[in-house]
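# Chain and residue survey
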Protein chains: 2
Amino acid sequence: MNSYKSVNKNDIEFLLSVCGSNRVFVGDKISEDFSHDELGGISKMPEVLVEVLSTEEVAKIVSYAYENNIVVVPRGSGTGLVGASVAVHGGIMINLSKMNNILEIDEDNLTLTVEPGVLLMDIGNFVQEHDLFYPPDPGEKTATIGGNINTNAGGMRAVKYGVTRDYVRGLELVLPTGEVIEVGGKIVKNSSGYSIKDLICGSEGTLAIVTKAILKLLPLPKKTISLLIPFDNLSKAIGTVPKIIKSKSIPTSIEFMERDVILASEEFLGKKFPDSSANAYLLLSFDGNDIESIEKEYENVANIVLKEGAIDIFIADTDERKEAIWSARGAFLESIKASTTEMDECDVCVPRNKVAEFINYTYELQEKFNIRIKNFGHAGDGNLHVYVLRDELNQEMWDKKLAEVFECMYKKARELKGQVSGEHGIGFAKKKYLNDQIGEVNSLLIKNIKHAFDPKNILNPGKICS
Amino acid sequence: MNSYKSVNKNDIEFLLSVCGSNRVFVGDKISEDFSHDELGGISKMPEVLVEVLSTEEVAKIVSYAYENNIVVVPRGSGTGLVGASVAVHGGIMINLSKMNNILEIDEDNLTLTVEPGVLLMDIGNFVQEHDLFYPPDPGEKTATIGGNINTNAGGMRAVKYGVTRDYVRGLELVLPTGEVIEVGGKIVKNSSGYSIKDLICGSEGTLAIVTKAILKLLPLPKKTISLLIPFDNLSKAIGTVPKIIKSKSIPTSIEFMERDVILASEEFLGKKFPDSSANAYLLLSFDGNDIESIEKEYENVANIVLKEGAIDIFIADTDERKEAIWSARGAFLESIKASTTEMDECDVCVPRNKVAEFINYTYELQEKFNIRIKNFGHAGDGNLHVYVLRDELNQEMWDKKLAEVFECMYKKARELKGQVSGEHGIGFAKKKYLNDQIGEVNSLLIKNIKHAFDPKNILNPGKICS
């Protein structure tokens, strides 16, 4: 058990000397927002909140905290879902969201250099103006890139383009000792010692603070098309996915959705979805540089899904239609949240051909535990987003049922050779399930790696492992 | 300084009890091949060589070695170039090359599960029969996949498809303690604790022994085309590469070569290259599913290179022509080697738009030190293969000149914000240069990570860090 030093007057003096009085917040000057993330189940106020503007400031603060044995918690937009950016042990919260400059676009090397607080949507818009493309596309566009790197965020285009890690070429890091290092660079290949860059991706702010990132870009595909495909039921819809993959077509994304999630989103947005008559849908997108080859590709897929029992195929090739569909898709999380009193989520990733089995199992759980469970997610990459809804349950029943349902779901994921989290991370909330999944040897290894970076365990303690 | 236990009679007895007498070799029963790798500068015989056939055998041996403080060195085909698979501290060498079964192809999930001793060329052929594609394409096709994973091998298609790490989905590992863990799986996304999988890729057998790998496959592109493009000089050739990239065309590969390397390869293979009249060449390839879109792409590139001063463009669209070009390309290393008495190599990776500057610098060094230096490599991804040739130099002069030339080259790579190794690794031979590059803080971190996995430092010691 670590015993950390509490933040006192002298510490505040030090922080003021680094950041000035406009960027250091104590007590009720700290907005309540900083006590939790997007899902809200885990809540604790930091002892002090500082807004940083440079790597030097971060290094000074962390170095001071290391010497004085004070907890440091890095924070971006706070859009996480597992409590990774909550100061569960108090201490100094470092808000990186004002380090939000796009530093350089390098068209010779196809890289973008950014500070960690740049928002995902700002990256997308900026590179698009240069006819370039940053493929990772998580639903939450107001997340910071620093947060995306720290959860190794995936998003909808992972089927074709992979995840955040695949687009991180280099990082500047402040280590838990306050020392600054650079790893990787504007280079395509690297076999120069252990890949610290890849270890940082997905480390949820526990190994180092990312203060700069060099991202890989691609040429912007000139055309995209989406297909909305209604089915009688979700099993049938999802059962077609391995057949699509097996046919050697790789769509950009393959999302699945059920009617009641669509209805919730229509209500939430006050906008009609193009079709909501069927029980279940697949939403596919394709991209490329000429319309003929995209057409060839999606015709192949259209034949497969019709053969497998699709009711119809709606083609969205105009901006308006695409917007209608994808804005609804983007609002699923918020609209489910708005439909209940509280919820928690499970973000398992299973092999692509096990998605249907997992979802059917959530139906069984819904019956067995008499609790609402909503699904949507990435059928093409096996990453599910399963939401368990509290509705009118009292605290005791909610805690009990949620724990039981989660226990069942994570056990099922293990049986299917899946992993605890596809893209949301482990944070504080999923530690038990990670531990159950990976076992003692692997858990100890994770602890040893943490210790290799952070011998005093001051950086975002209590997350992933503890 | 570690002091390891030497292998004695009891230890041999133990190994015999695990592997039987046909697979344990001692003294002059060990082929001299196992004392060095492909480049030969580093040489040392293991005390005992064992040929393993299963994870269980590996685990038993490593566990025993851990208890008894005996060095273990994993070995594949021995095609490395930096001494990573040489038993510089003696001990037990574990030859994994007979663990060479392809275990499963899963077309639903587009994965291939293999043992570590499967050769790269066997993977290529096997998946092609299923109309699938394993993109990493290092020149050395007789390397094992275990070796490729451990150097994070890149190869020629990295421009478009990335490197080995990008195609490793899951691993089974024997840790230095002899414990067995699995990381990753047949899953597309993973954010479940630190990515040990990604740390193992490129760790050169120092953190764990890979005993199984799940690889990601892609649909096999239906068409490929190569363009051989002659230029007056190499600077002009390489100078066009950032312009090609900037034009939003991403060829599958962009290789560069000079006339004298081509002539050496013609002599070595006894086969004519399609053209050897120009001083320098770019070799580009494109792939895709329909010929029209490939043509569109390469016409764009053809216009750029002609505008930038290319002398001509030879299109290789038949198997024979492609074979003539790519077999020559595959023989560059061997033919340079055959042209001299001894050589050493530098495998730096620099930003794509710094390749020309680096190569021009090697010309300067050639003059300054009066020593032959040959270049070829991956212009599209900035990864150079620079060979310094001994020719008739005596040992003392060779050692001196080689050290001086290397010192200059690695310093230049640092200035250009490159890295020590793009794909060959650090092994034993390049430790000094890695250390110079990354500095004390990062070096210490690498040592700490090594210690987190291998507290007794028994697994492949003296490599990467020491």
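Computed from a predicted structure; not experimentally measured. Each residue is numbered by its place in its chain's sequence as written, counting from 1. Here every chain gets a letter starting at A, and every ligand a number starting at 1, in the order they are written. Totals for whole chains, interfaces and linings use all residues, but because this is a predicted model, local features are given only for residues with pLDDT of at least 70 and pairs of side-chain atoms are given and counted only at 80 or more. Only hydrogens and water are set aside when side-chain values are computed; all heavy atoms of the structure are taken into account.

### Brief notes about the overall build of chain A
Assigned secondary structure in chain A consists of 15 helices and 18 strands. Relative to the 2.2 N^0.38 estimate, which gives 23 Å for 466 residues, the radius of gyration of chain A is 22 Å and therefore close to what a compact globule would have. For chain A, the spread of C-alpha atoms along the principal axes amounts to about 70 × 60 × 45 Å. Only protein chains enter the calculation, and the probe is 1.4 Å; a residue is then buried if its accessible area is under 20% of its type maximum, exposed if over 50%, and partly exposed in between. Evaluated residue by residue, chain A yields a buried proportion of 62% over its 466 residues. Considering only contacts in chain A between residues 6 or more positions apart, those separated by 24 or more positions represent 73%. Residue-level accessible areas treat just the shown protein chains as cover; the underlying method is Shrake-Rupley with a 1.4 Å probe. As displayed, chain A offers around 16,900 Å² of accessible surface, 48% of which is attributable to carbon and sulfur atoms. Side-chain charges of chain A comprise 52 positive and 67 negative groups, with the mean position of each set lying 4 Å from the other. Secondary structure follows DSSP: runs of H or I at least 4 residues long count as helices, runs of E at least 2 residues long count as strands, and numbering of each begins at the N terminus. It is over C-alpha atoms that the radius of gyration is taken, and the globule rule equals 2.2 Å times the number of residues to the power 0.38. Contacts are assigned to residue pairs with any non-hydrogen atoms lying within 4.5 Å of each other. A residue counts as positive if it is Lys or Arg and as negative if it is Asp or Glu; His and the chain ends are not included. In this description, the location of a charge corresponds to atom NZ of lysine, CZ of arginine, CG of aspartate or CD of glutamate.

### Looking at the sheet that holds strand E4 (residues 92–95) of chain A
Residues and elements named next belong to chain A. Reading across from one edge, E1-E2-E4-E3 is the order of the four strands in this open sheet, with mixed pairing throughout. Whereas interior strands pair on both sides, the edge strands pair on one side only; in this sheet they are strand E1 (24–26) and strand E3 (72–75). Strand-to-strand twist of the sheet, defined as the mean angle between neighbouring strand axes without regard to direction, takes the value 20°. Strand pairing is defined by DSSP finding a minimum of two bridges between the two strands. As defined by bridge partners, E3 adjoins E4 across four bridges and the pair is classed as parallel. Its bridge partner being in E4, Val73 is matched across the sheet by Met93. Across the face of the sheet, helix H2 (residues 55–68) comes into contact with strand E2 (48–51), E3 and E4 while running at roughly 170° to E4. Fitted lines through C-alpha atoms serve as axes, helices being fitted only where they are in contact, and the angles separating the N-to-C directions of these axes extend from 0 to 180 degrees.

### Some words on unusual backbone geometry
All names here are of chain B. You will see that Asn370, though not glycine, has its phi angle at about 50°, which is positive. For Asn370, the location among the structural elements is in the loop between helix H13 (355–369) and strand E17 (372–378). For Asn370, a relative accessible area of 63% corresponds to the exposed category.

### Focus on the packing of aromatic side chains
Ring geometry is summarised as follows: Phe, Tyr and Trp rings, the Trp one being its six-membered ring, pair when their centres sit within 6.5 Å, and such pairs are stacked at plane angles under 30 degrees, edge-to-face over 60 and tilted between the two. Under the definition given, this model contains 20 aromatic pairs over all chains. Ring geometry for A:Phe133 and A:Tyr161: centres 5.2 Å apart, planes at 80°, overall edge-to-face. One end of the pair, A:Phe133, is in strand E7 (residues 132–133); the other, A:Tyr161, is in helix H5 (residues 158–161), and 28 residues separate them in sequence. Of the two residues, A:Phe133 and A:Tyr161, both sit in the buried class. Ring plane angle 85° and centroid distance 5.7 Å describe the contact between B:Phe406 and B:Tyr410, whose orientation is recorded as edge-to-face.

### A word on the pattern of salt bridges
Salt bridge, as used here, is a side-chain nitrogen of Lys or Arg placed within 4 Å of a carboxyl oxygen of Asp or Glu. For the coordinates displayed, the defined rule picks out 65 salt bridges over all chains. In this structure, A:Lys412 and A:Glu415 form a salt bridge, with 4.0 Å as the shortest nitrogen-oxygen distance. Remark: A:Glu415 and A:Lys412 occur in helix H14 (residues 395–415); sequence separation between them is three residues, near one turn of the helix. The partner of B:Glu255 in a salt bridge is B:Arg329, and the shortest N-O contact between them spans 2.6 Å.

### Comments concerning the sheet that holds strand E13 (residues 253–258) of chain B
Residue and element names in this part refer to chain B. Taken in spatial order, the seven strands make up an open sheet running E15-E12-E14-E13-E17-E18-E16, and their pairing is antiparallel. Each having just a single partner strand, strand E15 (314–316) and strand E16 (343–346) make up the two edges of the open sheet. Direction aside, the axes of adjacent strands within the sheet are offset by 20° on average. Pairing of E13 with strand E14 (residues 280–288), which is carried by six bridges, proceeds in the antiparallel orientation. For Phe256, the partnering residue across the bridge sits in E14 and is Leu282. Sheet contacts for helix H9 (residues 259–269): E13, E14 and E17; angle to E13, the most-contacted strand, approximately 85°. Where helix H14 (residues 395–415) meets the sheet, it contacts E16, E17 and strand E18 (383–389), and its direction lies at approximately 10° from that of E16.

### What about the environment of A:Glu345?
All names here are of chain A. Relative to the helices and strands, Glu345 resides in strand E16 (residues 343–346). With 61 residues separating them in the primary sequence, Glu345 and Phe406 have C-alpha atoms 8.8 Å apart. With residues near it in sequence (within four places) discarded, Glu345 still touches Leu39, Leu81, Val82, Val386, Tyr387, Phe406, Tyr410, His424 and Lys430. Within polar-contact distance, the side chain of Glu345 engages the side chain of His424 at 2.5 Å. Throughout this description, a polar contact denotes any pair of N or O atoms lying within 3.5 Å of each other; where both atoms belong to protein, one of them has to be capable of donating a hydrogen while the other can accept it, and for residues adjacent in sequence the pair is counted only when both atoms sit in side chains.

### Focus: the domain arrangement of chain A
Residue and element names in this part refer to chain A. Structurally, chain A comprises domain 1 (9–97), domain 2 (102–219), domain 3 (222–335) and domain 4 (340–426). Domain limits in this description derive from either an automatic procedure or a database domain assignment. Of note, the centres of domain 3 and domain 4, computed from C-alpha atoms alone, are 23 Å apart. Taken together, the 16 residues of domain 3 in the interface contact 17 residues of domain 4. Using a 1.4 Å probe, buried area is obtained as the accessible area two parts lose upon being combined, added over both of them. Here domain 3 packs against domain 4, burying approximately 1,500 Å² in sum over the two surfaces, 65% of which is carbon and sulfur. Looking only at domain 3, the three residues that lose the most surface to domain 4 are Ile238, Phe256 and Leu333, adding up to 34% of its buried area.

### Remarks on the packing of H14(B) against helix H15 (residues 431–453) of chain B
Residue and element names in this part refer to chain B. It is the contact of H14 with H15, at a shortest axis distance of 10 Å, that shows an interaxial angle of 30°. For H14 against H15, the interelement crossing comes out right-handed. Packed against H14, whose contacting residues are Ala403, Phe406, Glu407, Tyr410 and Arg414, the element H15 presents Lys432, Tyr433, Asp436 and Gln437 at the interface. Considering only residue class, the contact of H14 with H15 consists of four nonpolar, one polar and four charged. Each crossing gets its handedness from the near helix: less than a right angle anticlockwise from the far helix is left-handed, clockwise is right-handed. Under the scheme applied here, ten amino acids are nonpolar (Ala, Val, Leu, Ile, Met, Phe, Trp, Tyr, Cys and Pro), four are charged (Asp, Glu, Lys and Arg), and all others, including Gly, are polar.

### Digging into the interface of chain A and chain B
At the junction of the two partners, chain A supplies 80 residues and chain B supplies 80 residues. If you sort the residues of chain A by the area they bury against chain B, A:Lys189, A:Tyr194 and A:Lys248 come out on top, with a joint share of 15%. The tally of links from chain A across to chain B stands at 12 salt bridges. Between A:Lys246 and B:Asp108 there is a salt bridge; the shortest N-O distance is 3.8 Å. The tally of links from chain A across to chain B stands at 38 residue pairs in polar contact (both at pLDDT 80 or more). Listed by contribution, the elements that provide at least two residues to the side of chain A that touches chain B are strand E9 (180–184), helix H6 (196–200), helix H8 (241–246), helix H10 (291–307) and helix H15 (431–453) of chain A. For the side of chain A that touches chain B, the element with the highest residue contribution is H15(A), accounting for 10 residues. When the residues that make up the side of chain A that touches chain B are grouped by side-chain class, the tally is 31 nonpolar, 27 polar and 22 charged.

### Digging into the relation of the copies chain A and chain B
Alignment of copies: least-squares fit on C-alpha atoms of residues with pLDDT of at least 70 in both copies. Mapping chain A onto chain B calls for a rotation angle of 180° and an axial translation of 0.0 Å; the resulting RMSD is 0.0 Å. Overall, the copies show the geometry of a two-fold rotation axis.

### Observations regarding the nonpolar core
Membership of the largest hydrophobic core comes to 189 residues, with the highest contact counts inside it found for A:Leu282, A:Phe453 and B:Phe453. Not counting the four nearest positions on each side in its chain, B:Phe453 is found in contact with A:Leu445, A:Ile449, B:Leu175, B:Pro176, B:Ile196, B:Leu199, B:Ile200 and B:Leu207. Put simply, buried Ala, Val, Leu, Ile, Met, Phe, Trp, Tyr and Cys residues joined by side-chain atoms within 4.5 Å make one nonpolar core.

### Brief notes about the side chain of A:Asp454
Residues and elements named next belong to chain A. Residue position: Asp454 is located in the segment after H15. Here Leu459 takes part through its backbone nitrogen, which lies 2.8 Å from a polar atom of the side chain of Asp454. Residues within four places of Asp454 in sequence aside, it is in contact with Pro176, Thr206 and Leu459.

### Side note on the side chain of B:Lys189
The topology assignment puts B:Lys189 in the loop between strand E9 (180–184) and helix H6 (196–200). A polar contact of 2.8 Å, which involves the side chain of B:Lys189, links it to the backbone oxygen of A:Gly155. Filtering out sequence-adjacent residues up to four positions away, B:Lys189 remains in contact with A:Gly154, A:Gly155, A:Ala158, A:Val163, A:Cys349, A:His378, A:Asp381, A:Asn383, A:Gly422 and A:Glu423.

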